[in-house]
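Examining the three-dimensional arrangement
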Amino acid sequence: MDDIEREDDKKGFEPDDLTAFHQFVRSLVVDGDRRAANSGRRARRTLADMTLVGQRR
């Protein structure tokens, strides 16, 4: 049984798992956008935006 699970784990995400993951990430993005808009701000989208935390106000 452990061998079967190891082989399955090596394959990575299956389409159903990947779809569920993408839906979860989309819901987090929508929630973050809503929270940012409610506070009068814009959600950071790029690494450059994220590294500016606290540097500009």
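Now for a look at the structure at hand. All values reported here derive from a predicted model rather than from experimental measurement.

Quick notes on the rules
- Going along each chain's sequence as written, the residues are numbered from 1 onward.
- Per-residue local features are limited, in this predicted model, to residues with pLDDT of at least 70; the limit for side-chain atom pairs, both in listing and counting, is 80 or more; totals at the level of whole chains, interfaces and linings are taken over all residues.
- In computing side-chain properties, one takes all heavy atoms of the structure into account and sets aside hydrogens as well as water.
- The working definition used for a salt bridge is a side-chain nitrogen of Lys or Arg within 4 Å of a carboxyl oxygen of Asp or Glu.
- Starting at the N terminus, helices and strands are each numbered in turn, a helix being any DSSP run of H or I of at least four residues and a strand any DSSP run of E of at least two.
- Exposure classes here rest on a 1.4 Å probe applied to the protein chains alone. A residue is buried below 20% of its type maximum, exposed above 50%, and partly exposed in between.
- Contacts are assigned to residue pairs that have any heavy atoms within 4.5 Å of one another.

1. Quick word on the pattern of salt bridges
Under the criterion given, the structure shown has 4 salt bridges. Residue Arg34 is joined to Asp31 by a salt bridge in which the shortest nitrogen-to-oxygen separation is 2.4 Å. Taken as a pair, Arg34 and Asp31 lie in helix α2 (residues 15-38) at a separation of 3 residues, close to a single helical turn. According to the relative accessible area criterion, Asp31 is partly exposed, its value standing at 25%.

2. Structural notes on the environment of Ala36
Structurally, the position occupied by Ala36 is in helix α2. With near-sequence residues (within four places) excluded, Ala36 lies in contact with Arg41, Arg42 and Ala43.

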